[in-house]
Amino acid sequence: MATTPRSGGASGAAQRPNGTSQNKSCQFKLVLLGESAVGKSSLVLRFVKGQFHEYQESTIGAAFLTQTICIEDTVVKFEIWDTAGQERYHSLAPMYYRGAQAAIVVYDIQNQDSFQRAKTWVKELHKQASPNIVIALAGNKADLSNIRVVEFDEAKQYAEENGLLFMETSAKTGMNVNDIFLAIAKKLPKNDGANNQGAGAGRRLNENETNRQTNNCCK
Amino acid sequence: MSQLKAPSLQSLLESDRGSTDSLLAESLQLDFEDLDDAEFHIPPTDVLPSLETVLSEFEADSDVASEVGVPHATPTPSIAEDSGVRGDGRGSGGGGSIMRYTLLHGISAQLASAAERVNAGASSACAVSAYIAVGTSHGHILNFDVTQTLRWAHQDKHSQGAVSTLAFNVESTRLLAGYARGLVIMLDTQTGDVLRELFDVITPNTGVLHVKWTSYSSLALCADAGGSVWSLNFTRKLGIRGCNSRCLFSGARGEVCAVEPLIMDSQGRHELDQYCIVALATLSKYFIVTVRPRLKVIKYHALQGPADCLPLLAWHLVLIQAADTTRSVDPVIVVGRGNQLFFHQLFMANGRITLLYLRHVQLQTGLLSAHWLGPKSVASLDTSEILHLVDVRSSKELECMDMANAGLVYGSAQFKGLATGGNVSPAFALAGTNACYNSIVSRGTQLYVLGARSLHIIGVRSWSERISYLVKNHRWQEACQLALDGYIASAERPRKRAQAKERIIALFGEYIATTTRVPEYCLGAIIQCLITVGELDLLWTKLWERLHNNSDLFLQHISEHIEQDNIRTVNPVISQALVDYWLQHSPAKLEQLILKLDWMCLDLNQVLKAVKRHNLYRAQIYLNTHALKDYTGALTELLPRLTPEQTQLGNCLLVYVSSCLAGRGYPSGDIPMEQVQQVKHDVLRCLTSQHSSAGDVEELPYPYLRALLAFDTRETLNVISLAFQEPEFNNELGYSHRKRIIYILLEIMTPEKATWSQIGCLLNFIAQQISTQCLPRDKQLLEQVLGYLATEHITNESVRQHSERESAWHELLSNNCLAEISNDMEQLELARRARCFYVVEYLLDRLGRYDNILECYIENSERHETVFAYMERHVSTPERAIYAQLSLHLRLLLQINATEIVRIIALHYPKHIDELLQLLSDSNDERLLFSMLQSLHARQAPLTSEQHEKLLELYCKMQSPDEVYQFLRSNVGYRVEHAISIVQARGLTKAVIYLYEQQQSYTKAFELSMELLREAVQQDSTNSAEMAKQIAELLARAATSLPTEELEHSWFDFLQFILPNQSLQAITKSMLHEASQHIDLHNLVQLIMNTHNLSTSFGDIKDLLMSMLVSSRQETEALRTAAQILCDDLHADFAEQRQVARRGLWVTTMRCVLCRNRLTEQTHVLALGACGHAMHERCLDELMSDSQQCPRCKVGLGTTQPLLQLSNPSQHTFTQAGSLDMSVLQLKAPPRRFC
């Protein structure tokens, strides 16, 4: 079972400027999209808290979570918007993905419709979202691969054709959950140009913010 | 690989060809010998139109041709697949539009009449230049000009047979003609005068196969049927015409079949111009040679192919694009044989002429001819007379055409030398079967095919001509596609692109002109064309005007293009029509279109009214923002109408507000830079305005924000939290804005006006904001938030809401936000009361009070599963006091997940197992004890026998008898006696039986089983048969350990019970069978006989009796056989003994070899070796030798054993012998050697 660091402690430590390490820190907005009941919330919950609930309540509106991970010398803070999959919330999605640097489009490998829906999400993202957005396709519920409907190769090929990251994940077993977020973090541009505030670049936590945080920690 | 591209040079050259200037200029460069010739020749003043231009006007002929029966070109299947667009704009699939077939009626009529009237015979050869000359099989030559008028005719007076070949020189002033019997004549093309008659220029007694002019104007080449090549150098010394002929290649060294001089006509612009280059081909090789300045072979290659195929040669100037992007126009030769075509480029490199291989094309069928048609395609006629047009660059076949009806003339008579007596080599004659060198000739992009009485032209249409052709046939779809392909392909060449555009506009003109009656025919294609080339005006005006009444299709097509982002603006007239059309059919689609269109082209009055009427909110917002630059109008208008049920409107507004606050346009794009600040400010102010403009007195404050919150609190707060990330909210002023908004929110969301879950959302949001330093820490605010967070009981709070509350609290704590208003201890108390155990855990952790952390997990059902992970993580840290807590909460932990906790205990605290078990047994909670023991047992943890027995006892209490039985079977840890007493106490007979069996107390087990069976039978239980079978099995198992009498006794008991029993009738037979293996059959039968109430008595015992009989018979048989064998053995033994006794013995000496005494002195004991030595046995015994060797000669006594039993001296034998009273050795037997 993969355990992930608690979001609170890790981020504070990494941003301390008094250390000798030259750690950069980046903040990325990530949005999860996909049909209802494919396991978006479970995926996030597994990533952020390492938990899994067999009977996850369906998300109302969009839930906001953060998680910090380290890759190489960079601390990457994900601001995750876990959107609701129900039909009535679909038209709200642009609110979240238009400013996002990364998106995970989730489908359920036992459900062909959810895969088709994922394809339409990808199309919409290509059309409407920032052109630099990093999109990952996640075939969730991979622990049930013996009753799968969507073949791995089919999805893999689709992902390659559309330039997506692709993994089959399982929020239940934790398989590939951290990996897919790591893969996204690696693919995101981590240029530390403070003046480059374009949609594609991650938001570098500015000095002001960092200082204040340090003060708080020392109290 | 270099790429072949169209040279513009070619067209230049062709256009220059007819002009007198160039003729003059060229004549000045002539050799001296020719100069006087030129002096006499005054160029014609009337400028002839070039042949191509005239002939392309014969387009009408093609219709006639189809009547005559020559089919139109048909596309081959390969074309349909080939969608590649060619560089010059000739579209992909030919569709029969690439090749243009024309029959030259004028010439054909003249040929026919010549054959009829002057007995000219069938056509045999032709040549094309500015004139068309046709030779006939009876030696006539007819010369036509481009208008197909016969200019002159020439008749051969020397009976030289058929005209075998004809050639015009470059300027079309001289015609060379070769005859089948070897004569070559030169004619003036203008007058038809014979200028030279050359009888003896070639190998005597052979016919002429080819005459060709070279690039040198006074030099021609001639090939004869002997395979030799001659150069004809024309002279005019002192006004007398002469000719020097020289043999260049003798047929003896390889017969030349094809000759093709390179004529570039580039007027000194090419380096190769100074050379006179000729390609020659024999049946096995092809050569490139220079004839002038001196004869030299540049290169030769082998050329393989079928024996009946002639080599084919053709030159053309082609624009070569090399890999390094240098371009050059160089001659390319195509060499064909069989079904192969090879392309080679000839060029000068470092002063040397070099031949470079370019590519190779393999065709399906054998070739008759191969000619260039323009620089990009090769036309090849195959052996079934189908003409294929092959694109050189892609090696694909573009189109094919059946030429079988043309009546193609073959030159095989010349190749076979029929006119000269057939004096040619057999290989040559065979190869010449399909010769048509002189009946198919090419010029420019046209191919001339000579039939017996007709002449045909195959032309290649240019892109534009193909469009015209398709238009003429009303194939608009294809025409449009072709036009578009050409336009798209010309993307990189602006001049060409402009031409293509013009052509498409012209096409549109033709379309408008010709399709007035069916205005909707192929509308989509033409619209696509116009949109692609960007001629929208034509679309809006001409096309639209024509469609006044039935514009639906037009509008649908236009809408499609708008949706595909091909056009963003339309004519206002169209836009009005479009809006009307979609208003009627599908307002939703109208919204899509409005969002895609530029607002400038819309009739705002009409559209705004329409969108309001049909509630097209997105379109309304789009128009408001883009056209009216009013970013708040839509909000003030739509927000008051928002109710929680209107999901679409609400979502749309939320997205819009979010976009505005992030400086983005709606639904896509960005707000212009200079407006961003203003828009953000306006929208925010509008949202937070205290009263709406039209609000009445009773209106609640902040109506807009209130409406949004009422619609969806969570999403509205998400919008705000997204907005807070914008730079505007990240300075001092921004923080005060934030604070203001938060207070407004708190003011709106009072418990009276909002539900708890909504307020919860808000407070969570605030907590989140505070903890991420997005809000200044305001004590009052914090207290309010904490007040909510610490609420002890909230009705209908879902698990999710609770966990959100917890995480918000946790966020605040971990960011030290609550330090000002309360300390950790207070917080701890509050959190406990609010059952926020996540927070409690965090606080305990922070305070270092680890001794109670486990409780937090146990109390929170959501986190039950994570408690074990926590324990594992900290199991090695003593201060976490995991064990203490574990033992304290053991019972709860066991309830949560016994397997997991037992795993941890067994892994980390194996020594404490007994202690923990004791703890549980003290507490008298048997169920927990049981689950723990069971888990321990399942993990195969080491348990004592007592624990096993305890578990067994608990099993007996908690589980079904079957489970107990299974447990007993799968376990060996208990002591059997104890187990028996436990189980017996519970009355679990089945288990007891099992245990008895384990104890080897089969009798007890049997008795118990019998009791059970009796009970079962009494109760008429259905499984009595099963039980009986089990007893039988038990007895079978007992067979090995029970004494026979007891076993039999048991069996009898069992059977005595079973046999009379009606209910067990079904199994009686098998039981008897089973019993028969263990007990005496005799007794068994006795038993059966004695048993009463055996209804099917005989049936059942029949088998038994049968088997008894069988076994008794077997026993008798066995006895008999044994006796027999015994007798046989005895007999054999006796016979052997007898034989031995009768065998003679050969002894070398009559004395014992050991004691040297006579053997007979002690007659009763003798020992004999195989070597023939004999000794007393006593002597041998005295020697005390164990070895099986003769003591004298050391020969092994055993080696000859097979030969004689005596080798091992046996006392027995001699005792027997003795007993037979054999006192003296019989030495009568002949001596034998044993070896």
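Bear in mind that the values here come from a model prediction, so they are computed numbers and not experimental data.

Rules used throughout
Residues numbered from 1 in each chain as written. Chains lettered and ligands numbered in written order. Predicted model: local features only at pLDDT ≥ 70, side-chain atom pairs only at ≥ 80, totals over all residues. Heavy atoms only, no water. pLDDT = per-residue confidence, 0-100. Contact = heavy atoms within 4.5 Å. Buried area = accessible area lost by both parts, 1.4 Å probe. Salt bridge = Lys/Arg side-chain N within 4 Å of Asp/Glu carboxyl O. Polar contact = N/O pair within 3.5 Å; in protein donor to acceptor, adjacent residues only side chain to side chain. Helix = DSSP H or I, 4+ residues; strand = E, 2+ residues; numbered from the N terminus. Nonpolar A, V, L, I, M, F, W, Y, C, P; charged D, E, K, R; others polar. Expected span 1.5 Å × (residues − 1). Buried < 20%, exposed > 50% of the residue type's maximum accessible area, 1.4 Å probe, protein only. Core = buried A, V, L, I, M, F, W, Y, C linked by side-chain atoms within 4.5 Å. Domains from an automatic or database assignment. Phe/Tyr/Trp six-rings, centres within 6.5 Å; stacked < 30°, edge-to-face > 60°. Lys NZ or Arg CZ within 6 Å of the ring centre and 35° of its normal.

## Things to note about the confidence of the model for chain A
Scored by pLDDT, chain A comes out at a mean of 78, with 76% of its residues at no less than 70. This model gives residues 192–202 of chain A a pLDDT under 50, and the stretch forms 18 contacts once residues within four places in sequence are excluded.

## Remarks on the interface of chain B and chain A
The interface is formed by 34 residues belonging to chain B together with 30 residues belonging to chain A. Across the chain B/chain A interface, buried area totals approximately 3,000 Å², and carbon plus sulfur atoms make up 43% of it. Applying the counting rule to chain B against chain A returns 0 salt bridges. At the boundary of chain B and chain A, one finds 7 residue pairs in polar contact (both at pLDDT 80 or more). Those elements giving two or more residues to the side of chain B that touches chain A turn out to be α21 (647–661), α24 (713–723) and α28 (799–814) of chain B. Grouping the constituent residues of the side of chain B that touches chain A by class yields 8 nonpolar, 17 polar and 9 charged.

## With respect to unusual backbone geometry
Backbone torsion omega between Arg292(B) and Pro293(B) reads -5 degrees, so that peptide bond is classified as cis. Tracing the chain through its elements places Pro293(B) in the loop between β17 (285–292) and β18 (296–302). A positive phi angle, close to 65 degrees, is found at Lys141(A), a residue other than glycine. Mapped onto the elements of the fold, Lys141(A) is located in the loop between β5 (134–140) and α5 (152–161).

## Some thoughts on helix α25 (residues 732–748) of chain B
Taking 1.5 Å per residue as the helical rise, α25(B) with its 17 residues ought to reach 24 Å, and the 25 Å between its terminal C-alpha atoms agrees with that figure. All of the buried residues along α25(B) are Gly734(B), Tyr735(B), Arg738(B), Ile741(B), Ile742(B), Ile744(B), Leu745(B), Leu746(B) and Ile748(B).

## Side note on the nonpolar core
Here is a general trend for soluble globular proteins: nonpolar side chains tend to be buried in one another's company. All names here are of chain B. Counting 201 residues, the largest nonpolar core has Trp809, Met871, Phe1054 and Leu1055 as its most contacted members. Each of domain 4 (617–732) and domain 5 (1000–1091) contributes no fewer than three residues to this core. Formed by 62 residues, the second largest nonpolar core is a distinct cluster that contains Phe508, Ile562, Leu608 and Ala619.

## Considerations on the packing of aromatic side chains
In this description, a pair of aromatic rings is defined by centroid distance and the angle of the planes. Applying the stated rule across the entire model yields 22 aromatic pairs over all chains. Taking the centre distance of 4.7 Å and the plane angle of 45 degrees together, the rings of Phe64(A) and Trp81(A) count as tilted. With Phe64(A) in strand β2 (residues 63–71) and Trp81(A) in strand β3 (residues 74–82), this pair connects stretches of sequence that are 17 residues apart. What makes Phe64(A) partly exposed here is its relative accessible area of 21%. Each ring, one from Phe115(A) and one from Tyr158(A), has its centre 6.0 Å from the other, and the planes form 75 degrees; the classification is edge-to-face. In this pair, Phe115(A) sits in helix α4 (residues 112–128) while Tyr158(A) sits in helix α5, placing the two residues 43 residues apart along the sequence. Owing to a relative accessible area of 0%, Phe115(A) belongs among the buried residues under this scheme. Taking the relative accessible area as the measure of exposure, Tyr158(A) reaches 13% and is therefore buried. By way of ring pairs, the aromatic residues Phe47(A), Phe78(A) and Phe181(A) are connected into one cluster. Directly above the ring of Trp121(A) sits Arg117(A), whose terminal nitrogen or CZ lies 4.7 Å from the centroid. The lysine or arginine in question, Arg461(B), covers the ring of Tyr469(B), its NZ or CZ lying 3.8 Å from the ring centre.

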